[in-house]
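Breakdown of the fold
Below, each chain spelled out in residue letters.
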Amino acid sequence: MANLTPELERERVRIKKAAEKVGLDCYDTVFELVTYDQLNQIASYGGFPVRYPHWRFGMEYESLSKSYEYGLSKIYELVINNDPCYAYLMEGNEFLDQKLVMAHVFGHCDFFKNNYWFSPTNRKMMDDMANHATRVRRYMDRYGVETVENFIDLCLSLENLIDRFSPYSPKKTAVPPPELADDEEEAARHVSPQGKLKVHRGYMENYINPPEFMREQEQRRRDENQRAAVFPEKPERDVLSFLGQYAPLKPWQQDVLSIVRDEAYYFSPQGMTKIMNEGWASYWHSKILTEQIMNDSEIIDFADRHSGTMAMSPTSFNPYKVGIELFRNIEERWNKGQYGKEWDECPDLAAKKNWNRKTGEGRNKIFEVRKHYNDVTFIDEFLTEEFCVEHKMFVYKFNKRTGQYEVDTRDFNLIKKKFLFQLTNFGQPIISVVDANHNNRGELLLAHLFEGVEMQPDYMQATMKNLCAIWGRPVAVATVLDGDPKIVTFDGTEFKHQSLSSLPVGDGNPEKKD
């Protein structure tokens, strides 16, 4: 298997059998043994050594290399969602570390293959990344490295302007109009563009074309024309797709934009399932190693590595820690029958504490959760007040007087709401195209779905500049700044602010009206 040493290959076979024994279902997994420098290079490319060239990846490599050399960070595992899956082990890691990483990788591979949110992803992305790189290099040879890199810069700054849920919606196909029958064609020839039927006798006009009916027809045509004048008909959240179709781009620019968009959609499920994915892999590396793989002499070292990965500070949350503990909590609750109407309505805290119906459904339940949920639905469904108290998941704030972080609130509903808000759309603003002919001048109007948090002005302005460069016309965004609804416009040289009375708003906006 790849370039593994005989000792590592034996452990890989053992760990794979152990993973299959507990029910993990993985694609074929290829392990590569690489140096720390090679691993940093691969990691800087997002795990794809065949990716297109760009200065951003070089900058990422410098950051990873210095962090490793100064002892600030270390990459233990890197695995790619592909068929087969590719995983990288670093030379020089201790033997226990390599076994831990391999067990962790098999957990990830099972998640990639079986979680619904990964189902639309390209399982041959390693090959497609190589094809993307070939096309980008061809454009660099033809149009110049600087020209192509500058355009990639623009595209990468907009790569989060996609509709992350569109791959899970049924594709809409245009339905051709039905063919007219002969008698319908004959009737159509006797209808004027205004919808009036031809009348050969004047006295029949009011009977064949009643005035009230004609007024209704005229109003309907006006409404249809007004709807047709708004483009797109509905707000479009996939801004990159809209730009690729309607911005005045050259063919090579359209292709580069489509490459960036394809890769953004490929990586999107990893952000949508970060807590679950890492929690699932951590759950199984712990289970497999402690119960089937390790010997007594390795337990202390494993505990040291594992506890370091699971540490969580008050200033942030650790997806490894939250994920593994929630999976363990779900397994325990379903093993004891601590779910359902009877459990929810039980008022006796002592009875709840000793509740054990011995249902033994925990293992099946966590596999079901692994299959159907993403981070938002996972937290929304299974995060409980008891779990937050047990793991000290409170809202903290920094006390300048004491110089320490202190508990701000223990209100479970507020904690959960803040947690879910951070996870929704990765905490980034939701932007949609609402009018591609704003002010009837071909300007692009976007709308920010305001959820109670304003956009950062510097980020917003930098994004608008890049949108303007691609659209070729002024770009405007409807949002809320300093508490006031406004339209911010960039015409290529300066920003202008205009007050706005109404905006599309989300549930988090306190000014939303029913």
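Cut-offs applied
Residues numbered from 1 in each chain as written. Predicted model: local features only at pLDDT ≥ 70, side-chain atom pairs only at ≥ 80, totals over all residues. Heavy atoms only, no water. Helix = DSSP H or I, 4+ residues; strand = E, 2+ residues; numbered from the N terminus. Buried < 20%, exposed > 50% of the residue type's maximum accessible area, 1.4 Å probe, protein only. Contact = heavy atoms within 4.5 Å. Pairing = 2+ DSSP bridges. Axes fitted to C-alpha atoms, helices over the stretch in contact; angles between N-to-C directions. Core = buried A, V, L, I, M, F, W, Y, C linked by side-chain atoms within 4.5 Å. Salt bridge = Lys/Arg side-chain N within 4 Å of Asp/Glu carboxyl O. Phe/Tyr/Trp six-rings, centres within 6.5 Å; stacked < 30°, edge-to-face > 60°. Lys NZ or Arg CZ within 6 Å of the ring centre and 35° of its normal. pLDDT = per-residue confidence, 0-100. Polar contact = N/O pair within 3.5 Å; in protein donor to acceptor, adjacent residues only side chain to side chain. Parallel < 35°, antiparallel > 145°, perpendicular 65-115°, else oblique. Left-handed = near helix turned anticlockwise from the far one by under 90°. Nonpolar A, V, L, I, M, F, W, Y, C, P; charged D, E, K, R; others polar.

Assigned secondary structure in the protein consists of 21 helices and ten strands. Evaluated residue by residue, the protein yields a buried proportion of 43% over its 514 residues. Taking all contacts inside the protein whose residues are at least 6 apart in sequence as the whole, residues at least 24 apart take part in 70%.

Let us look at the sheet that holds strand β7 (residues 443–448). The five strands lie next to each other as β6-β7-β8-β9-β10, forming an open sheet whose pairing is mixed. Looking at strand neighbours, the two that pair on one side only are β6 (431–438) and β10 (495–499), the edges of this open sheet. Each neighbouring strand pair of the sheet contributes to a mean axis angle of 25 degrees, computed without reference to strand direction. Of the pairings in the sheet, the one linking β6 to β7 comprises five bridges and is antiparallel in character.

Moving on, we get to the environment of N160. Relative to the elements of secondary structure, N160 occurs in the loop between α6 (145–156) and α7 (182–188). Taking the relative accessible area as the measure of exposure, N160 reaches 27% and is therefore partly exposed. Taking the C-alpha atoms as reference points, N160 and S268, 108 residues apart in sequence, are found 9.0 Å from one another.

This part is about the nonpolar core. Membership of the largest hydrophobic core comes to 59 residues, with the highest contact counts inside it found for W284, F378 and I379. It is helix α4 (residues 95–114) that contributes the most residues to this core, ten residues altogether. C155, F242, A436 and V488 belong to the second largest nonpolar core, which has 45 residues in total.

This part is about the pattern of salt bridges. Evaluated as defined, the whole model comprises 22 salt bridges. Among the salt bridges present, the one from R370 reaches D110, with a minimum N-O distance of 3.0 Å. One end of the pair, R370, is in helix α17 (residues 362–372); the other, D110, is in helix α4, and 260 residues separate them in sequence. Just as R370 is buried, D110 falls in that class too. In this structure, the salt-bridge partner of K365 is E368, at a minimum N-O distance of 3.3 Å. Linking K365 with E368, this pair stays in helix α17, spanning three residues, or about one helical turn.

Attention now moves to the packing of aromatic side chains. For the coordinates displayed, the defined rule picks out 35 aromatic pairs. Pairing F242 with W471 gives two aromatic rings, centres 6.0 Å apart and planes at 25 degrees, and the pair type is stacked. Here F242 is found in helix α10 (residues 239–246), whereas its partner W471 is found in helix α21 (residues 457–471), with 229 residues between them in sequence. There is no split in this pair, since F242 and W471 are both buried. Considering the side-chain rings of Y373 and F382, the 5.2 Å spacing of their centres and the 55 degrees angle between planes classify their relative orientation as tilted. The exposure class of Y373 is buried, given its relative accessible area of 16%. Judged by its relative accessible area of 1%, F382 falls in the buried class. Chaining the aromatic ring pairs together yields one cluster made of W280, Y283, W284, F327, W334, Y339, F367, Y373, F378 and F382. The ring of W343 carries the charged tip of K352 above its face, separated from the ring centre by 4.8 Å. Note that R357 overlies the ring of W355, its terminal NZ or CZ placed 4.0 Å from the centroid.

Mean pLDDT over the protein: 86, with 85% of residues reaching 70 or higher. Mean pLDDT across the elements of the protein ranges from a minimum in α7, with 41, to a maximum in α17, with 97. Contacts from residues 173–194, a stretch scored under 50 in pLDDT, to residues over four places away or in other chains number eleven contacts. Segment residues 507–514 is flagged for pLDDT under 50; beyond a separation of four residues in sequence, or across chains, it makes ten contacts in the model.

In this chain, D83 is followed by P84 through a cis amide linkage whose omega measures 5 degrees. As for its placement among the helices and strands, P84 is situated in the loop between β2 (78–80) and β3 (85–90). At K358, a position not held by glycine, the phi torsion is positive, near 50 degrees. Checked against the element boundaries, K358 lands in the loop between α16 (349–353) and α17. One non-glycine residue with positive phi stands out, namely N425, at about 55 degrees. Along the chain, N425 falls in the loop between α20 (412–423) and β6. Assessed through its relative accessible area of 12%, N425 is described here as buried.

Take the sheet that holds strand β1 (residues 29–34) next. Spatially, the three strands line up as an open sheet ordered β1-β3-β2, and their pairing is mixed. Edge positions in the open sheet fall to β1 and β2, since each of these has one partner strand only. Pairwise comparison of adjacent strand axes, ignoring direction, gives a mean angle of 20 degrees for this sheet.

Our focus in this paragraph is the side chain of T384. Within the secondary structure, T384 is located in the loop between α18 (375–382) and α19 (385–390). Polar contacts involving the side chain of T384 include one to the main-chain amide nitrogen of F387, which spans 3.2 Å.

Where burial is concerned, most of strand β9 (residues 484–490) is hidden: five out of the seven residues are buried. Relative to β9, strand β8 (residues 475–481) runs antiparallel, the two sharing seven bridges. Bridging across to β9, V480 finds its partner in P485. Linkage of β8 to β9, two consecutive antiparallel strands, is achieved through a turn of two residues, within which D482 is found at a positive phi near 55 degrees. Pairing between β9 and β10: five bridges, direction antiparallel. The residue of β10 that forms the bridge with I487 is Q498.

What follows concerns the packing of helix α2 (residues 36–44) against helix α3 (residues 55–69). The geometry of α2 relative to α3 is characterised by a closest axis approach of 8 Å and an angle of 140 degrees between their N-to-C directions. As the angle between them shows, α2 and α3 are arranged oblique. Here α2 runs over α3; the crossing is right-handed. Contact with α2, carried on its side by Y36, D37, N40, Q41, A43 and S44, involves F57, E60, Y61, L64, S65, Y68 and E69 of α3 and no other residues of that element. Grouping the amino acids of the contact of α2 with α3 by side-chain chemistry returns six nonpolar, four polar and three charged.

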